[in-house]
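Architecture and fold: a report
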Amino acid sequence: MTQDNNFMHPAAEMYASEEKAGKLDRREFISRATALGVSTVAAYGLLGLDAPAAAGGHAKMGGTIRMQMDVKAMKDPRTHDWTQISIFSAGWLEYLVEYNSDGSFKPMLLSSWEANSDATQYVLKIREGVKWNNGDDFTAEDVARNIIGWCDKSLEGNSMAGRMASLVDGDTGKAREGAIVVIDASTVHLNLLQPDITIVPGMADYPAQIVHKSFTVETMVSNPIGTGFMLPENLEVGVKASIVRNEGFEWWGYAAGKGGYVDRIEFIDYGNDPATHMAGFEAEEFDLNWESIGEFVELYDALGLVKSQVASGATLVVRPNQDHAPYENKMVRQALAMAVDNEVLTELGISGLGVAADNCHVGPIHPEYNPDVRRAPFDPVKAKELMDASGHGDFEHELRSLDSGFWKDTCDSVAAQLRAAGIKVKRTLMPGSTFWNDWAKFPYSATNWNHRPLGTQVLGLAYRSGEAWNEFAWNNAEFDALLAQANSLANADERRIVMGKIQALIIEEGVTCQPYWRYVQRHHVEGLVGVDMHIAYLPQIYKWGHAA
Amino acid sequence: MGMFILRRTGVMLLTAICLTFIVFIMTNLYPNLEKLAKNEGNFRMSDAEVASYLGNRGYTQGKLQNYGEWLGILPGYVIKGIDGKTRGRCSNHGAVLENSAKYCGVIQGHWGFSSRFKEPVSQIVITRLALTGKLMFWVLMVMIPSALILGIMAGMREGSQLDRTLSTGAIVTTATPEYVSGVIFIAVFTSSAVGLKWFKGSATSAMDHATLENFLLPVITISLYGMGYIARMTRASMAEVMTAQYIRTARLKGVSFANIVLKHALRNALIAPFTVIMLQIPWLLNGVVIVEVLFNFKGFGWVLVQAASNNDIDLLLAVSVVGVVVVLLTQLISDIGYVFLNPRIRIS
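Note that the coordinates shown come from a computational prediction; the quantities given were computed from them, not determined experimentally. Note that residues are indexed from 1 along each chain, following the sequence as it is written. Written order determines the labels here, with chains lettered from A and ligands numbered from 1. Only residues with pLDDT of at least 70 get local features here, since the model is predicted, and only at 80 or more are side-chain atom pairs given and counted; chain-wide, interface and lining totals rely on the full set of residues. Values reported for side chains reflect all heavy atoms of the structure, with hydrogen atoms and water molecules removed beforehand.

Describing unusual backbone geometry
Residue and element names in this part refer to chain A. Note that the residue after Ala325, namely Pro326, is joined by a cis bond; omega there is 0 degrees. In DSSP terms, a helix is any run of H or I states spanning at least four residues, a strand is any run of E spanning at least two, and both are numbered starting from the N terminus. Secondary-structure assignment places Pro326 in the loop between strand S13 (306-320) and helix H11 (330-338). Unlike most non-glycine residues, Ser351 shows phi in positive territory, near 55 degrees. As for its placement among the helices and strands, Ser351 is situated in the loop between helix H12 (342-349) and strand S14 (354-356).

Have a look at this one:
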């Protein structure tokens, strides 16, 4: 079931004409139109197409699915920094909106939403008939309370505050007075400070799980009140976890035809070494893995497993942190980016499972990408000259990364190319348990970033001055101003002009080496449906099932 | 004998206190505390936030005070934090409840709360120790009999063809580290690449239901390594005994070879390997880390690694206590066992 209103945003029609003129590809069109509140069916209709039918109709009820996944400690959804945490709590905590791999946004706990013509006001309609599993009705008050909670900057590590920036009062660090208004039991109005096109995509992101008014972090597993169809059964950090069907609970999704097929999902932790994952797959200890990476994609293919692959905006940044010398020096940063060939990193780092990128963290999958802005050309000789000119020609860089997988392979290749250019570099490998404690603070290290629907989103989370995840320690007023401007332009053609400047600025400042856009894929055994790899790793477990 | 055991227990307590104090000081160094705070709170916390986080949870009190609280000889801290919440040690660094105890240290039976696993330390240690215990039991069941049989067979006729063959085998298995033999076993017996697929290359399901299929390879991997070592010891000991005067006398008297080996030589030859076997037990406890990681079997070695890499103070302390107890307990057993094997030794 998708949005059943006939709302048609004027910009959506404009997008449709852009799509037909070849300025937009279909994924971008669907993504942008549905973000403005156009239903998926209507969006496909604008293109003269039928909406694709969900594969879920072929699933049968019941059964257990076992997944290989890192089992992490539970925390407040707003502070989730791993989708692996969200997929466990997704058993009982649901989202207002969901984002799909075809780029569309579908309503979940909302029934529809609308934006006004300049995207400064949103009307959220709450789905009728949704109940919490303790019997309470799900109302507009619940939605408003959660959105206010997302805006709370005083909660340490709350990444939702960045996504809701246009609702936050800059002085108090809380939701602005009058920003979130409950109109009646099923309607909420959002009044934004400035036009913001990312607010609905932000609500679909993995930390945006909707919690009950009695929610506390301490009791979230022991007293799991939510709207979802499952309940946590057991959680052993680092070992295994399981969620089971909440028998007797009338989940809204059953009537809405959403699915909710499996009785039980088990997550089993196999650590960070993909060779161990492979041994587990061969031992038939799980049915699907979290993600297949590097050379293991071919190995799993050879085992006869089913591959589910999707091209995404997931990537890796090999970045200097400007809080540390000598990376406050622009020439040093430019030299580091210039000395490496991104094509080579794609081939050696991820076994060619992706396409080379241009060091600006905005790419062809994003609607506002400006394809004319390219990276500073690969030129090892010039890189060495720049490094010498900066006065740090003899400095030995220490490049840190995880000790396995594409993180290690890519960084090894970066180091090899830097050495070939005559720049000294030392490699330091760290296990995940220690690396992630300080990932944003290392002077020079590599971090993976998930896909996000719009190009402005990651920029807002990781590149804007002072953001929690700004691992570059980049503070640039010009960039902040340009990003704010881009976020106020609903028209992607206009936004593309600004985005071109942003891309050029990120490249010029040598903020990062961002070598490729990854294909993401996972493998599973025969006979499962709906377990496809999600473009943004979002936890859509209600779609999982055994084939009928 | 009673006094001896009592004295040994005293030594054990003293060692445990010394060791835990050292571990306590190390884990409470400020950089380690900072790591803990960022791990628990947020990786981007400023230095001021780290300081208030630690202050609110009693980490910045005097080291002796904190150690006393851990032991349970001083009352657990109750601190009203600068954020207005009152926290206490006895409520796992969380908000103090009405019925929270005043003392909550080891003496009271509280081993603390793991920051990494969010569970009581005692529960984690028991669960994981039981799993490693299961692994160790089967390793010992395979390793000891086979090592003794090999060693005795090799040692009863020193220099014979049988001795040379068995000794070479023992040296090969002992010289192959577990991370080599384990990987070879996985590749040969479990992967589709070779195609045998006789066993499972992952022991994850063995934590719940151990079967021959999923548990044999980890057991064999550890056993082979230890077996060669014990077999060599037994062989040396046996060979020495076989040259002794009383064995020659027995042979001259016409006692059959089988009787000489089993009745006269065996008991004396077992003294040295017995000590070695007892020393293998603490080694197994910590030395299984590699095999546990390789086969994804989450036992005690895995907990040790997790606790250390996350600076999980309470868990690390408990792990060191277990280490001390196991080492000293096995030595006690080996000392007492001596008395039964060698009548010339007396424990007074």
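Looking at helix H3 (residues 47-56) of chain B
Residue and element names in this part refer to chain B. For the exposure calls, accessible area comes from a 1.4 Å probe over protein chains only, and a residue counts as buried if that area is under 20% of its type's maximum, exposed if over 50%, partly exposed in between. Three or more residues of H3 are buried, namely Val50, Tyr53, Leu54 and Asn56. Buried residues along H3 cover an arc of 165 degrees about the axis, so they all sit on one side. Exposed residues pointing more than 90 degrees away from the buried face of H3 are listed as Asp47 and Ala48. Residues count as neighbours in contact if any of their non-hydrogen atoms are within 4.5 Å of one another. Where H3 is buried, its residues touch helix H2 (30-40), strand S1 (78-80) and strand S2 (86-88). Gly58 sits one or two positions beyond H3 and adopts a positive phi of about 75 degrees. Relevant arc is that of directions from the helix axis to the C-beta atoms, nothing else.

Digging into the pattern of salt bridges
Salt-bridge detection follows one rule: a side-chain nitrogen of Lys or Arg within 4 Å of a carboxyl oxygen of Asp or Glu. Enumeration according to the criterion identifies 34 salt bridges over all chains in this entry. With its nearest N and O atoms 3.9 Å apart, the salt bridge here joins A:Asp136 to A:Lys213. Taken as a pair, A:Asp136 in the loop between strand S6 (121-126) and helix H5 (140-150) and A:Lys213 in the loop between helix H7 (199-203) and strand S9 (230-236) lie far apart in primary sequence, 77 residues in all. Residue classification places A:Asp136 among the partly exposed positions, given a relative accessible area of 26%. On the basis of relative accessible area, A:Lys213 is assigned to the exposed category, the value being 59%. Here A:Asp269 and B:Lys298 are joined by a salt bridge, their closest N and O atoms 3.6 Å apart. Of the two residues, A:Asp269 sits in the loop between strand S11 (264-268) and helix H9 (274-282) while B:Lys298 sits in the loop between helix H12 (289-294) and helix H13 (300-309), which places them in two different chains. Beyond isolated ion pairs, a larger network of salt bridges with shared partners links A:Glu236, A:Lys240, B:Arg128 and B:Asp208.

Considerations on the confidence of the model for chain A
Confidence scores here are pLDDT values: one per residue, from the predictor, ranging 0 to 100. Mean pLDDT over chain A: 88, with 94% of residues reaching 70 or higher. Ignoring residues within four places in sequence, the model shows residues 1-6 of chain A, a span with pLDDT below 50, making 17 contacts including any to other chains.

What to know about the packing of helix H1 (residues 2-27) of chain B against helix H14 (residues 313-341) of chain B
Residues and elements named next belong to chain B. Helix axes use the C-alpha atoms of the stretch in contact, all axes being lines fitted to C-alpha atoms, and the angles between their N-to-C directions lie in the range 0 to 180 degrees. At their nearest, the axes of H1 and H14 sit 9 Å apart, and the two run at 155 degrees to each other. Between H1 and H14, the angle is such that the two are roughly antiparallel. Relative to H14, H1 is oriented so that their crossing is right-handed. When grouped by side-chain class, the residues that make up the contact of H1 with H14 number 18 nonpolar, 5 polar and 2 charged. Oblique is the label for every angle not falling under 35 degrees (roughly parallel), over 145 degrees (roughly antiparallel), or within 65 to 115 degrees (roughly perpendicular). Left-handed describes a crossing whose near helix is turned anticlockwise from the far helix through less than a right angle; right-handed describes the clockwise counterpart. By the convention adopted, Pro, Cys, Tyr, Trp, Phe, Met, Ile, Leu, Val and Ala count as nonpolar, Lys, Arg, Asp and Glu as charged, and the other residues, Gly among them, as polar.

Details of the sheet that holds strand S1 (residues 59-60) of chain A
All names here are of chain A. Within the open sheet, the 3 strands sit side by side as S1-S20-S19. Their pairing is antiparallel. The sheet is open, and its two edges are formed by S1 and strand S19 (528-529), each paired on a single side. Judged from the 2 bridges that link them, S19 and strand S20 (residues 545-547) form a sheet pairing that is antiparallel. If you follow Val529 over to S20, its bridge partner there is Gly545. Pairing between strands requires that DSSP locate at least two bridges from one strand to the other.

Points about the interface of chain A and chain B
Contact with chain A, which involves 33 residues of that partner, is made by 32 residues of chain B. Summed over both partners, buried area is the accessible surface (1.4 Å probe) that two parts give up on being assembled. Considering only the surface of chain A that becomes buried against chain B, A:Glu156, A:Glu282 and A:Asn437 emerge as the three largest contributors, covering 22% of it. Inspection of the region where chain A meets chain B yields 4 salt bridges. A:Lys240 is the salt-bridge partner of B:Asp208, the closest N and O atoms lying 3.5 Å from each other. Pairs of N or O atoms within 3.5 Å make up the polar contacts considered here, provided that, within protein, one atom can donate a hydrogen while the other can accept it, and that residues adjacent in sequence are counted only when both atoms are side-chain atoms. Counting every contact that joins chain A to chain B gives 10 residue pairs in polar contact (both at pLDDT 80 or more). When residues of the side of chain A that touches chain B are assigned to their parent elements, the largest contribution, 4 residues, is made by H9(A). Looking at the side of chain A that touches chain B, its residues break down into 13 nonpolar, 9 polar and 11 charged.

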